[in-house]
Amino acid sequence: MDSAYFVGRSEILAWMNSTLQLNLSKVEEAASGAIQCQLMDAVHPGIVPMHKVNFEAKNEYEMIQNYKVLQDVFNKLKITKHIEVNKLVKGRPLDNLEFMQWMKRYCDSVNGLLNNYNPLERRESCKGGKDANKRTAPMQALAKSSTAAPKSQSSHNNRRSDLSTVNAANPSIKIARPASSGDPSYDKQITELKLSVDSLEKERDFYFAKLRDIELLCQCPEIEHLPIVGIIQRILYSTDNNASVVAEVQAMLSQHQKQLEPLSLNPEATNDKPRMETQKRKNISTLEVDAVANSTLSPKQKISDASDVHCSGSPLISC
């Protein structure tokens, strides 16, 4: 296996965040394909139509559009790398990690990234790029404060060591220690927010998986032609949140019911049909019994029966 696929997950995340000034916490967050497009834009400026890239892609059909843009870029650059879109859009960690490992290897092989590349400015022309920049700005400020914190902590430790030496030299001098600047309530709120975000993400993934199963079921050739399947797909693929979609679906359902009404049978005729069939069976059984009885009679009995019939048919002749 190529050495590119031995790069760790944390290294890939740090590379993406530092290159594009993002705050990704998982590799599978790059499943939309927008990050790959911007990485190619950083390596080959001007070759990627950034106005076609969607950083707000949540649904699979929106992600597929981003991968179409990426595939066009690969074709222009004559890159033979196969993009497994069906696996990447599902957000599987391993598939996305392997593809990002390949992306890092490719970006490093073409003289690295440009030093004067401004990812925030390039994302301004993308759909959802401004929102992505807004989400990134607070994290960048937090990162700067976190990098400054160790320096202040080290200087604080140096001051404490200096004070300890002074106290050792002059035990009569008492130095007041500064109060701690940490706020426990603030830390508690951060923890609660993180737990809330985790639970919401799990709930989102759960319901998205359910909707994905319904979508795959509707695509089965055995049932995809049914009207009810079309109604379900209309609800799944609707982009607006108003009541017009519900009204349209109800109209489609009522129209389908009206089409089925002429095909329904008369209930009285349906009830009489079993009775007629039963009467036919009885008549056939009676004929069969009479035929068997006639076949078992002797010739004399047949003559006698015939004379009885003749006599009964002529009331003037005495038998």
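Residues numbered from 1 in each chain as written. Predicted model: local features only at pLDDT ≥ 70, side-chain atom pairs only at ≥ 80, totals over all residues. Heavy atoms only, no water.

Caption draft 1: Summary view of the overall build of the protein chain. Check the secondary structure of the protein chain and you find 12 helices and 0 strands. Along the protein chain, helices and strands appear, N-terminal first, in the series α-α-α-α-α-α-α-α-α-α-α-α. In the protein chain, which comprises 319 residues, the share counted as buried stands at 23%. Contacts in the protein chain between residues far apart in sequence, at least 24 positions, make up 58% of those at least 6 positions apart. (Helix = DSSP H or I, 4+ residues; strand = E, 2+ residues; numbered from the N terminus. Buried < 20%, exposed > 50% of the residue type's maximum accessible area, 1.4 Å probe, protein only. Contact = heavy atoms within 4.5 Å.)

Caption draft 2: Structural context of the packing of aromatic side chains. What the rule picks out here adds up to 4 aromatic pairs. For the pair Trp-102 and Tyr-106, a centre-to-centre distance of 5.6 Å together with 10° between the ring planes defines the contact as stacked. In this pair, Trp-102 and Tyr-106 both sit in helix α5 (residues 93-109), 4 residues apart, roughly one turn of the helix. Residue classification places Trp-102 among the buried positions, given a relative accessible area of 16%. By relative accessible area, Tyr-106 is classed as buried at 15%. With a centroid separation of 5.2 Å and an interplanar angle of 80°, the aromatic rings of Phe-206 and Tyr-207 are classed as edge-to-face. Among the aromatic residues, those joined into a ring-pair cluster are Phe-74, Phe-99, Trp-102 and Tyr-106. Note that Arg-123 overlies the ring of Phe-55, its terminal NZ or CZ placed 5.9 Å from the centroid. (Phe/Tyr/Trp six-rings, centres within 6.5 Å; stacked < 30°, edge-to-face > 60°. Lys NZ or Arg CZ within 6 Å of the ring centre and 35° of its normal.)

Caption draft 3: Seen up close, the layout of surface pockets. Computed from the structure, the largest pocket encloses a volume of approximately 1,700 Å³. The wall of the largest pocket is formed by 39 residues, among which Glu-28, Glu-29, Lys-58, Glu-201 and Arg-204 lie closest to the centre. Those elements giving two or more residues to the lining of the largest pocket turn out to be α2 (34-43), α3 (60-77), α7 (129-169) and α8 (184-218). Split into classes, the residues belonging to the lining of the largest pocket amount to 18 nonpolar, 6 polar and 15 charged. Looking at which domains feed residues into the lining of the largest pocket, each of domain 1 (9-125) and domain 2 (188-257) supplies at least three. (1 Å grid on protein atoms, 1.4 Å probe; cavity = no way out; pocket = protein on both sides within 12 Å on 5 of 7 lines; lining within 4 Å. Points joined across faces, edges and corners; volume = space filled by probe spheres on them. Nonpolar A, V, L, I, M, F, W, Y, C, P; charged D, E, K, R; others polar. Domains from an automatic or database assignment.)

Caption draft 4: Summary view of the confidence of the model for the protein chain. This prediction gives the protein chain a mean pLDDT of 74; 62% of its residues lie at or above 70. Considering each helix and strand of the protein chain separately, the mean pLDDT is smallest for helix α12 (residues 299-313), with a value of 49, and largest for α3, with 94. Note on residues 162-181: pLDDT is under 50 here. Beyond four places in sequence and across chains, it has 4 contacts. For the stretch residues 309-319, pLDDT sits under 50, and the model shows 1 contact to residues farther than four places along the chain or on other chains. (pLDDT = per-residue confidence, 0-100.)

Caption draft 5: Representation of the nonpolar core. One finds Met-16, Ile-35, Met-40, Val-48, Val-53 and Met-100 to be the most contacted residues of the largest nonpolar core, which totals 42 residues. Taken together, the elements giving at least two residues each to this core come down to α1 (9-20), α2, α3 and α5. What Met-100 contacts, discounting residues up to four positions off in sequence, is Ile-12, Trp-15, Met-16, Val-27, Ala-30, Gln-36 and Leu-39. (Core = buried A, V, L, I, M, F, W, Y, C linked by side-chain atoms within 4.5 Å.)

Caption draft 6: Representation of the packing of helix α9 (residues 227-236) against helix α10 (residues 244-260) in the model. At a closest axis distance of 10 Å, the pairing of α9 and α10 adopts a crossing angle of 175°. For the element pair α9 / α10, the angle class is roughly antiparallel. Across from Pro-227, Ile-231, Arg-234 and Ile-235 in α9, the residues of α10 making contact are Val-245, Glu-248, Val-249, Met-252, Leu-253 and His-256. The residue makeup of the contact of α9 with α10, split by class, is 7 nonpolar, 1 polar and 2 charged. (Axes fitted to C-alpha atoms, helices over the stretch in contact; angles between N-to-C directions. Parallel < 35°, antiparallel > 145°, perpendicular 65-115°, else oblique.)

Caption draft 7: Looking closely at a nonpolar patch on the surface. A surface patch of nonpolar side chains, amounting to about 450 Å² of accessible area, comprises Leu-211, Ile-214, Leu-226, Ile-228, Ile-232 and Leu-253. On the secondary structure map, Leu-211 appears in helix α8. Using a relative accessible area of 45% as the deciding quantity, one classes Leu-211 as partly exposed. (Patch = residues over 30% accessible without salt bridge, like charges linked within 9 Å, V, L, I, M, F, W, Y side chains within 5 Å. Areas by Shrake-Rupley, 256 points an atom, 1.4 Å probe, with all protein chains shown as cover. Salt bridge = Lys/Arg side-chain N within 4 Å of Asp/Glu carboxyl O.)

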